[in-house]
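Observations on the three-dimensional arrangement
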Amino acid sequence: MKFPFEIHEREQHPTMPDVIATIPSLPTVEPLHRWRHVALVFELKPNDNDDPMIKNTITHFNTLVQLAKGARNIMLSQGRLYAFLVGIYGSVARIFRFDRAGAISSAPFNYKEAPTILYQFLWRLLHPRQDNCSIVGQDPTIQLGTSADRQLAFGLASGLGAEWERTAEGRKAVRRIMMTDKENNEVTYLAFRLLFVNPELFSRATLVWEAFRLDANGKSSLEERYVIKEGWRQVCRIPETHFYMALQKEGPLNGVATYVHGEDLGKRDESLREQQVRSRAAGRAPEGVDRRLGHLTISGYHNDPDKQRFNERSQTRISLHTVGTPLTDFQSTRELIQAFRDAVEGK
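This write-up is about the structure you can find in this document.

Quick notes on the rules
- Residues numbered from 1 in each chain as written.
- Predicted model: local features only at pLDDT ≥ 70, side-chain atom pairs only at ≥ 80, totals over all residues.
- Heavy atoms only, no water.
- Helix = DSSP H or I, 4+ residues; strand = E, 2+ residues; numbered from the N terminus.
- Rg over C-alpha atoms; globule rule 2.2 N^0.38 Å.
- Buried < 20%, exposed > 50% of the residue type's maximum accessible area, 1.4 Å probe, protein only.
- Contact = heavy atoms within 4.5 Å.
- Areas by Shrake-Rupley, 256 points an atom, 1.4 Å probe, with all protein chains shown as cover.
- Lys, Arg positive; Asp, Glu negative; His and termini not counted.
- Charge placed at Lys NZ, Arg CZ, Asp CG, Glu CD.
- Polar contact = N/O pair within 3.5 Å; in protein donor to acceptor, adjacent residues only side chain to side chain.
- Salt bridge = Lys/Arg side-chain N within 4 Å of Asp/Glu carboxyl O.
- Phe/Tyr/Trp six-rings, centres within 6.5 Å; stacked < 30°, edge-to-face > 60°.
- Lys NZ or Arg CZ within 6 Å of the ring centre and 35° of its normal.

With that out of the way, let us pick up the overall build of the protein. Within the protein one finds 9 helices and 13 strands. For 347 residues, the compact-globule formula gives about 20 Å, and the C-alpha radius of gyration of the protein, at 22 Å, lands near that figure. C-alpha atoms of the protein, sized along the principal axes, occupy 65 × 50 × 40 Å. Per-residue burial over the protein gives 43% buried out of 347 residues. Within the protein, counting contacts between residues at least 6 apart in sequence, those at least 24 apart form 61% of the total. A total of about 18800 Å² of accessible surface is found on the protein, and carbon and sulfur atoms cover 52% of it. Where the 46 positive side-chain charges of the protein centre and where its 42 negative ones centre are 2 Å apart.

Now the structure itself:
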């Protein structure tokens, strides 16, 4: 199966998962769908000692890399906050959970003698507590484009003329992105073009989209194009939104993209985690079920609680009202250098 997006397809070789499970509503995975409809990946090895968690060899490391690539492709293609994979090694199995800060492995279990573990995992995976989600790890603020969304996006983008071309890659880029503006109102953007993607798994995993902002009636205007940028910042880093808000106080600046609004989606999860920590410190059981969505990673905290501020990542998203020319679209080195010069000088 090819890398989810053509923009890095030549740099990332195809992967060959052993067994895939599709989203329940989809009977098969056609070539056009690729990774976007894969619910779960099983990686199989013939012997118990192939378990990558028991030895530190090149072979076992490559087994982990195989798992990681499957997780990355699922998360990128579907906008998942985290992803699960199952490794089966002879008579034992492990369940792996990947997010943008690392991975967590379950203890090994004999799936023949204790099949209930796998049954319960699969049932819970496809019965998330979060509304508007069909699988655990799905981001409730992003929806993959439906047929109607694609028609709307293509109709709006067709007015851009030669600047935009309708392709199969464009179909995969369409999605609805829900944000909260400065007045705490919900805003919906219809992304129609992917401008940039960082293909690394444990990273900021930056994605940049070009989008139309939809009004309450689900309509938009060609003059109103936006850039939506999302990424996973280290919790110890200052959010990018703070820099844009500081620039706004200085008034309009030439050469700086117009900032509309932004949000740190991981703040809610961080607040809930702090409540749980306080409850445990006071000798009380955490209240109710875990209500965290996954906009804040958990693998860094799990692997080393003392370094969570350095290892954990929080998902951020910003909206910019300036749509420029992507660096990849410049026609010459001279044109590119001139653009860098103008940016430095603030022209």
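Now that the structure has been shown, the text picks up again.
Among the structural elements, R193 can be located in strand β9 (residues 186-197). Given a relative accessible area of 18%, R193 falls into the buried group. Reaching out from R193, the side chain makes a polar contact with the side chain of E210 at a distance of 2.7 Å.

Okay, the pattern of salt bridges next. Tallied over the full model, the rule gives 13 salt bridges. The partner of R273 in a salt bridge is E312, and the shortest N-O contact between them spans 3.4 Å. Placement of R273 in helix α6 (residues 266-281) and of E312 in the loop between α8 (308-311) and β13 (313-320) is noted, with a sequence separation of 39 residues between them. With a relative accessible area of 6%, R273 lands in the buried category. When salt bridges with common partners are traced through the structure, they connect D139, E230 and R317 into a single cluster.

This structure, assessed with the given rule, holds 8 aromatic pairs. Ring geometry for F98 versus F202: centroids 6.4 Å apart, planes at 10°, classification stacked. Taken together, the positions of F98 in strand β4 (residues 92-99) and F202 in the loop between β9 and β10 (207-214) put the pair 104 residues apart, joining distant regions of the chain. What makes F98 buried here is its relative accessible area of 4%. An angle of 10° between the planes, with centres 5.3 Å apart, marks the rings of Y244 and Y259 as stacked. Of this pair, Y244 sits in helix α5 (residues 240-249) while Y259 sits in strand β12 (residues 259-264), and the two are 15 residues apart along the sequence. For the pair Y244 and Y259, a shared accessibility class is recorded, and that class is buried. Seen from the ring of Y82, R97 lies directly overhead, with NZ or CZ sitting 3.8 Å from the centre.

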